[in-house]
Structure formats: C-alpha cells, structure tokens
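Structural characterization, general
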Amino acid sequence: MKIIEWDDTYSVGIDQFDGQHKHLLNILNDAYAMFKSKESDKGKLSAIIQSLSDYTADHFSQEEAWMLEKGYPKRDEHILEHGKFIGKISEFDHHFREDTAYLSMGIVMFLKDWLIQHILKNDAEYSEFYRLRQQ
Ligand SMILES: [Fe+2]
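The notes below deal with the structure included here. Each chain carries its own residue numbering, running from 1 in the direction its sequence is written. Per-residue local features of the predicted model are confined to residues with pLDDT of at least 70, and side-chain atom pairs are confined, for both listing and counting, to 80 or more; whole-chain, interface and lining totals are unaffected and use all residues.

With that settled, the discussion passes to the overall build of the protein. Looking only at helices and strands, the protein features 4 helices and 0 strands. Elements are defined by DSSP. Helices are runs of H or I of four residues or more, strands are runs of E of two residues or more, and each kind is numbered from the N terminus. N-terminal to C-terminal, the α/β element order of the protein is α-α-α-α. Note that the radius of gyration is over C-alpha atoms, with the globule rule given as 2.2 Å times the number of residues to the power 0.38. Against the 2.2 N^0.38 benchmark of 14 Å for 135 residues, the protein shows a C-alpha radius of gyration of 16 Å, consistent with a compact globule. By principal-axis analysis of the C-alpha atoms, the protein measures approximately 50 × 25 × 20 Å. Considering only intrachain contacts with a sequence separation of at least 6, the fraction spanning at least 24 residues in the protein is 73%. C-beta atoms are first placed from the backbone for all residues, and any pair lying within 7 Å is then listed as a contact.

Structural data, given as structure tokens:
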C-alpha cells in the first residue's frame with residue numbers, strides 16, 4: 001500500500017537526485033505501510049523516522065554541494081527550505097519519542113506533500129537553471 005508513486009513529472013533531470021527523491025518517497029511509503037500494518041510498533045516506526053531523517057540530511061547536503069559547485073544563484077533560499085523540513089522531522093521525532101500516538105498519519109501526509117511541493121517548485125528551479133546552462 002502506497003501513498004505516493006513516482007511520476008516522471010517529478011524528475012529534475014539529474015539521475016543522482018531523481019534516485020534520491022525516489023528513495024525518500026519509498027521511505028514515506030514504508031512509514032504509511034507501517035501505520036496500516038498490525039505489526040506496527042514504536043521501534044519500527046522510530047527506525048523509519050530515523051532513516052527518513054538521516055537520508056534527508058544526506059540528500060539535502062548533496063544538493064547544496066551541487067548548487068555551490070554549479071554556482072546556482074538561489075542556493076541560500078533553497079537551503080532555508082531544506083532547514084525548515086529538517087526542523088519539521090526533528091520536531092515530529094521529538095514528540096514521537098514522548099508519545100507514540102503523536103505520530104499520526106497526518107504527519108506522514110504532511111511530509112509527503114511538503115516533499116512533492118519542494119521537488120515540483122524549488123528543485124524544478126535548479127533543474128531549469130541546469131538545463132538552460134547546458135544549452
Ligand atoms: Fe531541494
């Protein structure tokens with residue numbers, strides 16, 4: 001059971017980042033499946049949040065390094081967006097550790113929506129910048 005399927009309209013035209021975006025969507029699908037499953041337990045959910053948090057941080061830092069290397073003009077603004085998302089995940093993680101019930105399906109949906117909007121808006125901008133530069 002999935003909440004989101006990869007769609008080619010999400011592609012930023014850079015294989016490295018498309019692959020990482022796909023992986024992030026897989027983690028969110030895992031979180032969703034875990035909620036739906038009867039085997040759902042705090043340890044497993046916590047592991048998923050941790051992998052989402054670690055993988056996101058790694059992915060964001062790779063994007064930011066790439067933007068620096070390419071001289072992307074909107075890098076600072078983009079980094080602020082990344083920071084907001086990291087902040088949200090750690091806020092959820094913090095509440096989750098105190099109260100399992102806090103981690104609701106609504107949060108997984110929020111993260112999914114945020115990520116898709118970010119890919120379609122902010123990431124699409126660096127994608128366009130890169131595409132134009134290569135012409
Ligand atoms: Fe990004």
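Picking up after the structure, the text goes on.
As a rule, the C-alpha atoms of each element are fitted with a line to give its axis, helices using only the stretch in contact, and angles between N-to-C directions run from 0 to 180 degrees. Relative orientation of the contacting elements helix α1 (residues 15-36) and helix α4 (residues 105-133) amounts to 165°, with a least axis distance of 10 Å. Judged by the inter-axis angle, α1 sits roughly antiparallel to α4. The two elements α1 and α4 meet at a crossing, and its hand is left-handed. Residues His21, Leu24, Leu28, Ala31, Tyr32 and Phe35 of α1 pack against Met105, Val108, Leu111, Lys112, Leu115 and Ile119 of α4. An angle counts as roughly parallel when it lies under 35 degrees, as roughly antiparallel when it exceeds 145, as roughly perpendicular when it falls between 65 and 115, and as oblique in every other case. A clockwise turn of the near helix away from the far one marks a right-handed crossing, whereas an anticlockwise turn of less than a right angle marks a left-handed crossing.

Residue position: Ile27 is located in helix α1. Distance in space between the C-alpha atoms of Ile27 and Tyr55 is 9.3 Å, their sequence separation being 28 residues. Setting aside residues up to four positions removed in sequence, Ile27 forms contacts with Ile48, Ser51, Leu52 and Tyr55.

This part covers the nonpolar core. Generally speaking, a soluble globular protein has its nonpolar side chains buried in company with each other. Counting residues in hydrophobic clusters, the biggest one holds 12 residues: Leu24, Leu25, Leu28, Ala31, Ile48, Ile49, Leu52, Phe92, Val108, Leu111, Leu115 and Ile119. Broken down by secondary-structure element, the contributors of at least two residues to this core are α1, α2 (42-70) and α4. Any nonpolar core is a set of buried residues, restricted to Ala, Val, Leu, Ile, Met, Phe, Trp, Tyr and Cys, that join up through C-beta atoms within 7 Å. Put simply, a residue is buried when 20 or more other C-beta atoms lie within 10 Å of its own C-beta and exposed when 12 or fewer do; between those, it is partly exposed, and each C-beta is set from the backbone.

Taking 1.5 Å per residue as the helical rise, α1 with its 22 residues ought to reach 32 Å, and the 31 Å between its terminal C-alpha atoms agrees with that figure. Where α1 is buried, its residues meet α2 and α4. Expected helix span is computed as 1.5 Å times (number of residues minus one).

This brings us to the packing of α2 against helix α3 (residues 75-98). Where α2 meets α3, the axes come as close as 11 Å, and the angle between the chain directions of the two elements is 170°. Considered as vectors, α2 and α3 are oriented roughly antiparallel to each other. Of the residues in α3, those touching α2 at Ser46, Ile49, Leu52, Ser53, Thr56, Ala57, Phe60, Glu64, Met67 and Leu68 are Arg75, His78, Ile79, His82, Phe85, Ile86, Ile89, Ser90, Phe92, Asp93 and Phe96. Residue classes in the contact of α2 with α3 are distributed as 12 nonpolar, 6 polar and 3 charged. Side-chain classes follow a simple rule in which Ala, Val, Leu, Ile, Met, Phe, Trp, Tyr, Cys and Pro form the nonpolar group, Asp, Glu, Lys and Arg form the charged group, and the remainder, Gly included, forms the polar group.

Everything listed is a geometric property; what it means functionally is a separate question.
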